[in-house]
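# Geometric and topological summary
Here are the chains, one letter per residue:
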Amino acid sequence: MHGGAGTYLTRVLRQGPPAWVRGLRGRFRSRLHDPGVAARLGFALAVAFGACFLTGLVSHFMQHPPAWLSWPSRPVWLYRVTQAVHVVTGVAAVPLLLAKLWTVYPALFSWPPFRSVATLVERAFVLLLVAAASFQVATGVANIAEWYPFRFNFTTTHYAVAWLLVGAVVVHAAHKWTIARAALRTPMRDPTDVSLSRRQFLGTVGAASGLLALVTVGQTVPALRPIGLLATHLDGVGPQGVPVRKTAVSAGVRDLAHDPAYRLRVTGAVERELALSLAELRALPQVSARLPITCVEGWSAEAAWSGVRLCDLLDRAGAGPGVSVRVVSMQHSGQYRVSYVDPPHVRDPLTLLALRVAGEPLAVDHGFPCRLIAPNRPGVLQTKWVESVEVMG
Ligand SMILES: Nc1nc2c(c(=O)[nH]1)N[C@H]1C(S)=C(S)[C@@H](COP(=O)(O)O)O[C@H]1N2
Ligand SMILES: [Mo]
C-alpha cells in the first residue's frame, strides 16, 4: 500500500470538490454571506461574549474566592448589576451567534478544505470556537430555565469552557484582524432590488438580540417588569413579595424548620458557644436593612429584612476580629446547604441573620426560622434555614 492515503488525498485535491459540494456552493450567492456582515456580527459577538466572560469571572470568584482576593461588601448592589449583565448578554448573544453561523457556513464547503498545516490549525480553532460558544449559550440558557438534561456539574463545566471560548475567540480575532478591519471600514451599500439588504439583515438580528435582552432584564429592573416575558422570577411575585428559588419542601426542611427545639448555634473558635432559641434571637437587638437577593440565574429582588447582626453574635460569643465563618443549614443535603462568610462581609453591619422580611416573620420558603442575608453576595451564598454558625480560627 505504497503511499495509499497520500496518493488518494492528492488525487482528490487535484480533482477539485466533489459534485455535491460544487452544487451546494453555487447556491451561496446571497450577499449576506460576505465578510462585511460576518465582521459586524463578529464584533457584536465579541462585545457580548467579552462582557459575559468578565461578569462570569466576577461571579465565579465571588463564589470561590482565592486566598489573595477579598471582595468588597459594598456597594450592596454590585453583584446584582454584574450578574444581570452576565445573563442578559448571554441571552442577547443567541441571535447574534445563529446569524453569524449562518453567514459563514458556506466556508464549510470551501475547497480544498485546508491548504497548509496553518490553515488546518486555524480551522480546528474555528471548530472549537463554534462548539464552545454553542455549549456556553445552550447550557447557560438551560440553567436559567432550571433545566438540567446534562449529567455534568453545570458551574464547573461552564467555567472551564468559558476559558476555551475566550482562547478560541482571541485566536480567531487575531487571524481575521486584517480582513475584519477592512470589512468594517467598507460601508455596506446594496442595490435596491435585493430582497434583503445586508443592513436590513443586521438590523433584524440586532433588533432580535435587543428585544431578548429587554424582555429578560425585567427580572432585575423593576421598571421593565411588565414586559419581563423571559424573566424566570419577578420581583414582587412570591411569598412576602419575594421570589423563591428553592422551597422548604424541595430542600426537605419543612417540618424541621418548625421544630420547637430549634436553636441557632454559634460554635468553633469562640470564647463561649451559644445556642439561642427563636425567642432569644428575637430578644436581641434587631437591625433592618433593604438588601437584594441576586440569584446567579440573573434575577434579583430587593426586600426589607430585619434580624440580628452577624457581628453582634460573634461579639457575644467572643470571636476574634479577623475570623471567617461557616454558615450551615438544617438541610441535610444539597449543594447550597453551607456557605462561608469572610471579611469584610463577616463584620459588615448589614450582614444579618434575618428573622423577618417585609415586616413579617420569614416564610418557611425564605428560610424560617433564620437566614443569612449579606450585601453584595450571590444568592447561592445567602443560606436559608440556618442552624449553625461555625467560627473558623
Ligand atoms: N439552605 C439553602 N439555602 C439557600 C439555597 C438552598 O438551596 N439551600 N438556595 C440559594 C439560592 S440559589 C438563592 S437564589 C437564594 C434565594 O432565596 P429566596 O428563595 O428567599 O429568594 O437562597 C439561597 N439559599
Ligand atoms: Mo440562586
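Reading the values: rules and limits
Residues numbered from 1 in each chain as written. Chains lettered and ligands numbered in written order. Predicted model: local features only at pLDDT ≥ 70, side-chain atom pairs only at ≥ 80, totals over all residues. Heavy atoms only, no water. Helix = DSSP H or I, 4+ residues; strand = E, 2+ residues; numbered from the N terminus. Phe/Tyr/Trp six-rings, centres within 6.5 Å; stacked < 30°, edge-to-face > 60°. Buried < 20%, exposed > 50% of the residue type's maximum accessible area, 1.4 Å probe, protein only. Arc of directions from axis to C-beta. Near = heavy atom within 4 Å. Polar contact = N/O pair within 3.5 Å; in protein donor to acceptor, adjacent residues only side chain to side chain. Nonpolar A, V, L, I, M, F, W, Y, C, P; charged D, E, K, R; others polar.

## Re unusual backbone geometry
Following Pro343, the chain continues into Pro344 via a peptide bond in cis, with omega recorded as 5°. For Pro344, the location among the structural elements is in the loop between strand E6 (338-341) and strand E7 (352-357). The omega torsion of the bond from Phe368 to Pro369 falls at 5°, within 30 degrees of zero and hence cis. One can find Pro369 in the loop between strand E8 (360-361) and strand E9 (371-373).

## Some words on the packing of aromatic side chains
In total, this model carries 12 aromatic pairs according to the counting rule given. Measuring from centroid to centroid gives 5.7 Å for Phe28 and Phe109, while their planes differ by 25°, and the two rings are stacked. Of the two residues, Phe28 is situated in the loop between helix H2 (19-25) and helix H3 (35-63) and Phe109 in the loop between helix H4 (78-104) and helix H5 (117-144); the sequence distance between them amounts to 81 residues. Overall, Phe28 belongs to the buried group, its relative accessible area being 16%. Given a relative accessible area of 16%, Phe109 falls into the buried group. On the numbers, 6.5 Å between centres and 90° between planes, the contact of Tyr159 with Trp163 is edge-to-face.

## Overview of helix H11 (residues 310-317)
In an α-helix, one turn spans 3.6 residues; hence positions three or four apart end up facing the same way. Looking only at H11, the buried set comprises Leu310, Cys311, Leu313, Leu314 and Ala317. All buried residues of H11 project into a common sector of 160° when viewed along the axis, lining one side. A positive backbone phi angle near 75° is found at Gly318, which sits one or two residues after H11.

## Things to note about the site of ligand 1
The immediate surroundings of ligand 1 are formed by 19 residues, with Pro243, Gln331, His366, Arg371 and Lys384 found nearest. Within the backbone of Pro243, one N or O atom sits 2.5 Å away from an oxygen atom of ligand 1. Here His366 contributes a side-chain N or O atom positioned 2.7 Å from an oxygen atom of ligand 1. Counted by class, the shell around ligand 1 contains 8 nonpolar, 6 polar and 5 charged residues.

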